[in-house]
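The chain contents come next:
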Amino acid sequence: MTQHATLPPPLERPPTIPLLLATVYRKAARLIAQAGHRQTAVDTACARPPAPGALTIVDALRAAAVLTAGPQPQQDRAMSQLGDYAIYRLAQRLTVCGHGPFWIDPDSLEEHITAWGDLPRRTTESVVAQLEAAADASERSV
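What counts and how
- Residues numbered from 1 in each chain as written.
- Predicted model: local features only at pLDDT ≥ 70, side-chain atom pairs only at ≥ 80, totals over all residues.
- Heavy atoms only, no water.
- Core = buried A, V, L, I, M, F, W, Y, C linked by side-chain atoms within 4.5 Å.
- Buried < 20%, exposed > 50% of the residue type's maximum accessible area, 1.4 Å probe, protein only.
- Contact = heavy atoms within 4.5 Å.
- Helix = DSSP H or I, 4+ residues; strand = E, 2+ residues; numbered from the N terminus.
- Expected span 1.5 Å × (residues − 1).
- Axes fitted to C-alpha atoms, helices over the stretch in contact; angles between N-to-C directions.
- Parallel < 35°, antiparallel > 145°, perpendicular 65-115°, else oblique.
- Left-handed = near helix turned anticlockwise from the far one by under 90°.

Participant: Before we go on, may I ask you to explain the nonpolar core in this structure?
Facilitator: Soluble, globular proteins show a tendency: their nonpolar side chains are buried together. Tyr25, Ile32, Ile57, Leu61, Leu90, Ile113 and Leu131 are the most contacted members of the largest nonpolar core, which has 28 residues in total. If sequence neighbours within four positions are ignored, Leu131 has contacts with Tyr25, Ala28, Ala29, Ile32, Leu61 and Leu90.

See the structure below:
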């Protein structure tokens, strides 16, 4: 009697966190590309006054998380967690003066991202490029 190996039917993969993160990063990049990047430390020698309506990186990530979470039960909690995780993952990618974040609590991670965005000569284009790179890396990790 011959036995044939059977393959299970292909499983549909539900959306995963890396794909959601990629969406958040791409939406944040579009928001900043449209509105402009706003540095919080406008007293630096190279800082230019922000354009009206310009966004900080953290503000753009939070807004993108809201747009990505969509209507669902416990939406506030879901978008907050998605925003926190997007901030955590982005902060791990960024270095300020050769260092990554020192602490991993949400406030410290936001401060680290803000410090990166406030570096002299940080441009809207460089912020958008970093967010796109984070999105690409998230998609590759699926």
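Moving on from the model shown.
Participant: Mind showing me how you'd approach unusual backbone geometry here?
Facilitator: Glycine aside, residues mostly have negative phi, and peptide bonds are mostly found in the trans state. The backbone phi angle of Cys97 is positive, close to 55 degrees, even though this residue is not glycine. Along the chain, the position of Cys97 falls in the loop between α3 (75–93) and α4 (106–117). Positive phi, normally seen in glycine, also occurs at Arg121, with a value near 65 degrees. Here Arg121 is to be found in the loop between α4 and α5 (124–140).

Participant: What is the right way to read α5 from this model?
Facilitator: Residues spaced three or four apart along an α-helix point in a common direction, a consequence of the helix completing one turn every 3.6 residues. Taking 1.5 Å per residue, 17 residues should reach 24 Å; α5 reaches 24 Å between its end C-alpha atoms and fits that length. Within α5, the full set of buried residues consists of Val127, Val128, Leu131, Ala134, Ala135, Ala137 and Ser138.

Participant: Explanation requested: the environment of Ser80 in the structure shown.
Facilitator: By the secondary structure assignment, Ser80 is in helix α3. Separated by 14 residues in the primary sequence, Ser80 and Val66 have C-alpha atoms spaced 7.9 Å apart.

Participant: Explain the packing of helix α1 (residues 17–35) against helix α2 (residues 57–69) here, please?
Facilitator: The axes of two packed helices give the description: the angle between them and the distance between them. Remark: α1 packs on α2, axes separated minimally by 8 Å, with the N-to-C direction vectors making an angle of 125 degrees. By the angle between their axes, α1 is oblique relative to α2. Judged by the twist between their axes, the crossing of α1 over α2 is right-handed. Every residue of α2 that contacts α1 at Leu20, Thr23, Val24, Tyr25, Lys27, Ala28, Leu31 and Ile32 is listed here: Ile57, Ala60, Leu61, Ala63, Ala64, Ala65, Leu67 and Thr68.

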